[in-house]
Amino acid sequence: MEKDFSLKAGAVVKGKKNDYRILTCIRRDGMGYTYTAEPCNRRKDTPRKVVVREHFMPHCSERDYDGVTVMTNPDIAPTVETCLNAFKKASTDRAIISAQCPSIINVIDIFDANATYYYVVEFLDGMTFEEYVHQKGRLSWEETREQLSPILDAVKTIHTLHAMHTEINPRHIRFVSHKGQSIPVLFSLYATLHFNDEGKQLWAIPIMTCETGYAPPEQYLSIDRFSPQTDIYSLAATIVFALSGRTLPDSRETTEEVIRKILPPTLPETTVQALLHALHPDMANRTSSISDFREELREFYGGKKRELPEEDPDERPGRWHEMIYRYRLPIAIVSIAAIAAVFLSII
């Protein structure tokens, strides 16, 4: 039985923007712990409850006597350090992604503490899209477009920043209350994959999960190249769920005949063809971008969106990293500019 090294209720983690008092551990896996927590000394723009992700490898590390600090045997330390650095980079990129689109869960804080690393996101307590469809019954085409168009915006943002979500399904979309309206938000950024300009994967954690009915065939093998088609399959499967109230079978067994039987018979053939294209089992023959998917679905736009939170740009996680990441500025140019600025200030 794996020993539990999770932080105890009441423990305080000192963050960059706030300190966070742990409430309860809600997830344990081989790469860390996820907690609900409450900010201490809460600021005006900080929610009352948050979710904290802590990097911790229970097979490699343990807690110090204070019950908080992470200790690792020197023999295994290089491996843990490699994974920790990948987690830091992924956390920074997730913060950048969330800052670009209001339909993605808000990353509130990222920081070093207790000889490890943490990221903090907003706590979403509204119903999931799965619960919404089960409660309301299958949705019309118009309502499906209204509810899921913002999620396509979110995924397009993720893809624009050379990342993939890899865990899109109706349980990872929640409704939040914003100015009296119920707004859909995509969450579960834990499994995002990140790539460079050449499409090569930057780091290889975490291990992806495969949600039956939503993960395409290639996800059961391995993904080492940037491939938006993987997320597009999951989005198409989510649209099928919205229209039918039913989840597709395992993608490795799904056929066109099965998909047609699940979809409403009144759906226009052009829409059916667009969904079949996005659900093609061969990634090479699948819809390759959100823009193309929307065009084939005949203007899949609309929906309600919340406003991006106003934030002091100096406190935004990875501000300089965002500039380099977003605009692809060569590091050498940034370095030279910084040196020149210092020199000019001296003279």
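Look up a bit, the structure's there.
Residues numbered from 1 in each chain as written. Predicted model: local features only at pLDDT ≥ 70, side-chain atom pairs only at ≥ 80, totals over all residues. Heavy atoms only, no water.

Caption draft 1: Inspection of the overall build of the protein at higher detail. A tally of regular secondary structure across the protein gives nine helices and 12 strands. Counting every position in the protein, which comprises 347 residues, the buried fraction comes to 50%. As displayed, the protein has an accessible area near 17100 Å², and 53% of this comes from carbon and sulfur atoms. (Helix = DSSP H or I, 4+ residues; strand = E, 2+ residues; numbered from the N terminus. Buried < 20%, exposed > 50% of the residue type's maximum accessible area, 1.4 Å probe, protein only. Areas by Shrake-Rupley, 256 points an atom, 1.4 Å probe, with all protein chains shown as cover.)

Caption draft 2: How the structure looks around the packing of helix α3 (residues 141–160) against helix α4 (residues 229–244). Running from N to C, α3 and α4 cross one another at 165°; their axes reach a closest spacing of 10 Å. In this view, α3 runs roughly antiparallel relative to α4, as classed from their interaxial angle. Judged by the sense of rotation from one axis to the other, the crossing of α3 with α4 is right-handed. Of the residues in α4, those in contact with Trp141, Thr144, Leu148, Ile151, Leu152, Val155 and His159 of α3 are Asp231, Leu235, Thr238, Ile239, Ala242 and Leu243. For the contact of α3 with α4, a count of residues per class yields nine nonpolar, three polar and one charged. (Axes fitted to C-alpha atoms, helices over the stretch in contact; angles between N-to-C directions. Parallel < 35°, antiparallel > 145°, perpendicular 65-115°, else oblique. Left-handed = near helix turned anticlockwise from the far one by under 90°. Contact = heavy atoms within 4.5 Å. Nonpolar A, V, L, I, M, F, W, Y, C, P; charged D, E, K, R; others polar.)

Caption draft 3: Looking closely at the packing of aromatic side chains. Applying the stated criterion across every chain yields a total of 11 aromatic pairs. Between Tyr33 and Phe56, the aromatic rings sit 5.5 Å apart at their centres with planes inclined by 45°, giving tilted as the arrangement. Of this pair, Tyr33 sits in strand β3 (residues 32–40) while Phe56 sits in the loop between β4 (50–55) and β5 (61–63), and the two are 23 residues apart along the sequence. Residue class for Tyr33 comes out buried when judged on its relative accessible area of 1%. The interplanar angle of 20° and the centroid separation of 6.2 Å between the aromatic rings of Phe129 and Tyr132 together place this pair among those described as stacked. Here Phe129 pairs with Tyr132, and both are found in helix α2 (residues 129–136), just three residues apart, close to one helical turn. (Phe/Tyr/Trp six-rings, centres within 6.5 Å; stacked < 30°, edge-to-face > 60°.)

Caption draft 4: Local environment of the layout of surface pockets. Space inside the largest pocket adds up to approximately 610 Å³. Along the wall of the largest pocket there are 21 residues; nearest its centre are Ile26, Thr34, Val51, Phe187 and Ser188. Of all the secondary-structure elements, those providing two or more residues to the lining of the largest pocket are β2 (19–29), β4 and β8 (116–122). Partitioning the lining of the largest pocket into residue classes produces 11 nonpolar, three polar and seven charged. By volume, the second largest pocket is sized at about 410 Å³. If you trace the second largest pocket, you find 21 residues lining it, with Pro47, Asn106, Glu122, His178 and Arg306 closest to the centre. Looking at the lining of the second largest pocket, the element that brings in the most residues is strand β10 (residues 173–178), giving three residues. Considered class by class, the residues forming the lining of the second largest pocket number nine nonpolar, six polar and six charged. (1 Å grid on protein atoms, 1.4 Å probe; cavity = no way out; pocket = protein on both sides within 12 Å on 5 of 7 lines; lining within 4 Å. Points joined across faces, edges and corners; volume = space filled by probe spheres on them.)

Caption draft 5: Highlighting the pairing of strand β11 (residues 181–186). As judged from the six bridges shared by β10 and β11, these two strands associate in the antiparallel manner. When the bridges of β11 are listed, Ile173 appears paired with Leu186. The hairpin formed by β10 and β11 contains two residues between the paired strands, and Lys179 there has a positive phi angle of roughly 50°. (Pairing = 2+ DSSP bridges.)

Caption draft 6: Broad picture of the packing of α2 against α4. α4 packs onto α2 with a crossing angle of 20° between their chain directions and a minimal axis gap of 9 Å. As summarised for this structure, α2 and α4 are arranged roughly parallel, according to the angle between their axes. Between α2, through Phe129, Glu130, Val133 and His134, and α4, the contact on the second element is made entirely by Thr238, Phe241 and Ala242. A per-class count over the contact of α2 with α4 returns four nonpolar, two polar and one charged.

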